[in-house]
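# Structure at a glance
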Amino acid sequence: MTVLMQMLEKYDMTTAEGATNGLREVMQEVALAGLYRGGFFDRAAFYGGTCLRIFYGLPRFSEDLDFSLLATDLDFSLEPYFTAVREEFSALGLDVEISAKKKTIRTGIESAFLKNDTRLFSVAVHADKTIKIKFEVDTAPPLGFATEEKLLLQPYSFYVKCFSLPDLFAGKMHALLFRNWKSRVKGRDWLDFEWYVRNGTPMNLSHFIIRSKQSGNLQEEHLTAPEFRQLLHQRIDSLDINAARKDVSRFVKDVEALKIWSGEYFHEVAKRMQISAG
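Residues numbered from 1 in each chain as written. Predicted model: local features only at pLDDT ≥ 70, side-chain atom pairs only at ≥ 80, totals over all residues. Heavy atoms only, no water.

## Notes on the confidence of the model for the protein chain
Keep this limit in mind: Confidence of the predictor in every single residue is expressed as pLDDT, which spans 0 to 100. In what follows, residue pairs with any heavy atoms lying within 4.5 Å of each other are defined as contacts.
Overall, the prediction assigns the protein chain a mean pLDDT of 86, with 87% of residues at 70 or greater. Low pLDDT, under 50, characterises residues 105-116; the predicted model gives this stretch 24 contacts beyond four residues in sequence or across chains.

Laid out in structure tokens, this is it:
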């Protein structure tokens, strides 16, 4: 059996949706392998929803690969790593195209946290159906985060430098509180929030403050845990629960688990959230 078939074994390939999601998730792991072989993780760390799914067991589908440089470098380019990524896919018999995406002024949903110092790239994998994977690399990241090496065993054994869970949680809460989605609610933020609290992960308050100051959402040098909780409870009060549930439903297998969602429920979850000073 080929490595690619082994990697796809854990997915339901009998439906079009299952096959597409399975292939995309496998392609994400192959892309990580190529980046590792090219030495990318000497300079960058993996974070975001896909990082949580692959390495920490978050039970939802995630589309993009998000990375942060370990130090600011506005001239950084991902292009030197393209060859290693292509070779990784080629070894599995897959043809890919990698392209850099130019930044344009955007409005509405697409404008959410689209920083001028984020590099965008797209990998198109040509199989039975063309699958696109988007890469984002923050070249001027908010610092003050810790990393850890996480192991993947396929397509071969390698380590990926990832944000630590408390710092991933801080990034998620920054998005949950301040993401500019205008009329649209991103229910995935609330599913992830629920997951962090359920798993007893403390949020690194100091990294949250650094992120919030960089984005212009926080002016003060300090923010206490009670003040953060007040911001969170205010955000819950304004949440459109039905819109959040609708947004996240296509990313989870167990839609029934979303029925408990309500303002009161999230207030209770928020009370159980652990906060660390960093």
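## Some thoughts on the packing of helix α5 (residues 165-178) against helix α6 (residues 187-198)
Quick reminder of the rule: Helix axes are fitted to C-alpha atoms over the stretch in contact, other axes to C-alpha atoms as well, and angles between N-to-C directions run from 0 to 180 degrees. Under the DSSP-based scheme used, a helix requires at least four consecutive residues in state H or I and a strand at least two consecutive residues in state E, with every element numbered from the N terminus. Handedness of a crossing follows from how the near helix is turned relative to the far one, being left-handed for an anticlockwise turn of less than a right angle and right-handed for a clockwise one. Put simply, Ala, Val, Leu, Ile, Met, Phe, Trp, Tyr, Cys and Pro go in the nonpolar bin, Asp, Glu, Lys and Arg in the charged bin, and everything else, Gly too, in the polar bin.
Closest axis-to-axis distance for the α5/α6 pair is 10 Å, and the angle between their directions is 145 degrees. Judged by the twist between their axes, the crossing of α5 over α6 is left-handed. The residues of α6 that touch α5, namely those facing Leu165, Leu168, Phe169, Lys172, Met173, Ala175 and Leu176, are Asp189, Trp190, Asp192, Phe193, Trp195, Tyr196 and Val197. Taken together, the residues that form the contact of α5 with α6 break down as eleven nonpolar, no polar and three charged.

## With respect to the pattern of salt bridges
Put simply, the rule is: Salt bridges are identified by distance alone: a Lys or Arg side-chain nitrogen within 4 Å of an Asp or Glu carboxyl oxygen. The cut-offs for exposure are 20% and 50% of the maximum accessible area for each residue type, with area from a 1.4 Å probe on protein chains only; residues under the lower value are buried, those over the upper are exposed, and the others partly exposed.
The full count for this structure, using the stated rule, is 14 salt bridges. The closest approach of N and O atoms between Arg43 and Asp73, which form a salt bridge, is 2.6 Å. Placement of the pair is Arg43 in the loop between α2 (16-37) and β1 (44-47) and Asp73 in the loop between β2 (65-69) and α4 (82-91), with a sequence separation of 30 residues. Owing to a relative accessible area of 35%, Arg43 belongs among the partly exposed residues under this scheme. Residue Asp73 is classed as partly exposed on the basis of its relative accessible area of 21%.

## Focus on the environment of Leu223
Along the chain, Leu223 falls in the loop between α7 (205-214) and α8 (225-237). Among the residues examined, Leu223 registers a relative accessible area of 10% and is labelled buried. Along the chain, Leu223 and Leu205 lie 18 residues apart, while their C-alpha atoms are 8.1 Å from each other. The contact partners of Leu223, leaving out residues within four places of it in the chain, are Leu205, Phe208, Ile209, Leu218, Phe228 and Leu231.

## Observations concerning helix α9 (residues 241-248)
Selection rule: Throughout, the arc means the angular range of directions from the helix axis out to the C-beta atoms.
Along α9, the residues classified as buried are Ile241, Ala244, Asp247 and Val248. Down the axis of α9, the smallest arc covering the buried residues is 130 degrees, so these residues share one side. Facing away from the buried side of α9 by more than 90 degrees, the exposed set consists of Asn242 and Lys246. Buried residues in α9 make contact with α6 and α10 (263-271).

## A word on the packing of aromatic side chains
Applied cut-off: In this analysis, rings of Phe, Tyr and Trp, with Trp reduced to its six-membered ring, are considered paired at centre separations within 6.5 Å, and the interplanar angle assigns stacked below 30 degrees, edge-to-face beyond 60, and tilted for intermediate values. Here, a charge over a ring means that NZ of Lys or CZ of Arg falls within 6 Å of the ring centre while also lying within 35 degrees of the ring normal.
One pass over the structure, following the stated rule, counts 24 aromatic pairs. Measuring from centroid to centroid gives 6.1 Å for Phe178 and Phe208, while their planes differ by 25 degrees, and the two rings are stacked. Of this pair, Phe178 sits in helix α5 while Phe208 sits in helix α7, and the two are 30 residues apart along the sequence. With respect to class, Phe178 is no different from Phe208; both count as buried. Judged by centre distance (6.0 Å) and plane angle (90 degrees), the rings of Trp190 and Phe193 are edge-to-face. Here Trp190 pairs with Phe193, and both are found in helix α6, just three residues apart, close to one helical turn. Comparing Trp190 with Phe193 shows no difference in burial state: the two are buried. Among the aromatic side chains, those forming a connected cluster through ring pairs are Phe40, Phe41, Phe46, Phe55, Phe67, Phe76, Tyr81 and Phe135. One Lys or Arg, Arg37, reaches over the ring of Tyr156 and ends 4.1 Å from the middle of that ring. Above the face of the Tyr47 ring, Arg211 is positioned so that its terminal group lies 5.6 Å from the ring centre.

## Description of the nonpolar core
Convention followed: Within this scheme, the nonpolar core is defined by two criteria: the residues are buried Ala, Val, Leu, Ile, Met, Phe, Trp, Tyr or Cys, and they are joined through side-chain atoms within 4.5 Å.
Phe46, Phe193 and Phe208 are the most contacted members of the largest nonpolar core, which totals 83 residues. Counting residues per element, this core draws most heavily on α2, which supplies eight residues. When neighbours within four sequence positions are excluded, Phe46 is seen to be in contact with Leu32, Phe41, Cys51, Ile54, Phe55, Leu65, Asp66, Phe67, Val160, Lys161, Cys162 and Phe163.

## Some details on the packing of α8 against α10
A pair of packed helices is captured by two measures, namely the crossing angle of their axes and the spacing between those axes. Basically, it comes down to this: For classification, angles of less than 35 degrees are called roughly parallel, those exceeding 145 degrees roughly antiparallel, those between 65 and 115 degrees roughly perpendicular, and all remaining angles oblique.
α10 packs onto α8 with a crossing angle of 165 degrees between their chain directions and a minimal axis gap of 9 Å. Our classification of the angle between α8 and α10 gives roughly antiparallel. Of the two elements, α8 crosses α10, and the hand of that crossing is right-handed. Contact residues: Arg229, Leu232, His233, Ile236 and Asp237 in α8; Gly263, Phe266, His267, Ala270 and Lys271 in α10. Considering only residue class, the contact of α8 with α10 consists of four nonpolar, three polar and three charged.

## Things to note about a nonpolar patch on the surface
This is how the line gets drawn: Note that patches include only residues with greater than 30% relative accessible area and no salt bridge, and the join distances are 9 Å for like charges and 5 Å for nonpolar side chains (Val, Leu, Ile, Met, Phe, Trp, Tyr). Reported accessibility uses the Shrake-Rupley method at a 1.4 Å probe radius. Residues are deemed covered only where the shown protein chains occlude them.
Residues Tyr36, Leu151, Leu153 and Tyr159 make up a contiguous nonpolar surface patch of about 410 Å² in total accessible area. Secondary-structure assignment places Leu151 in strand β6 (residues 147-152).

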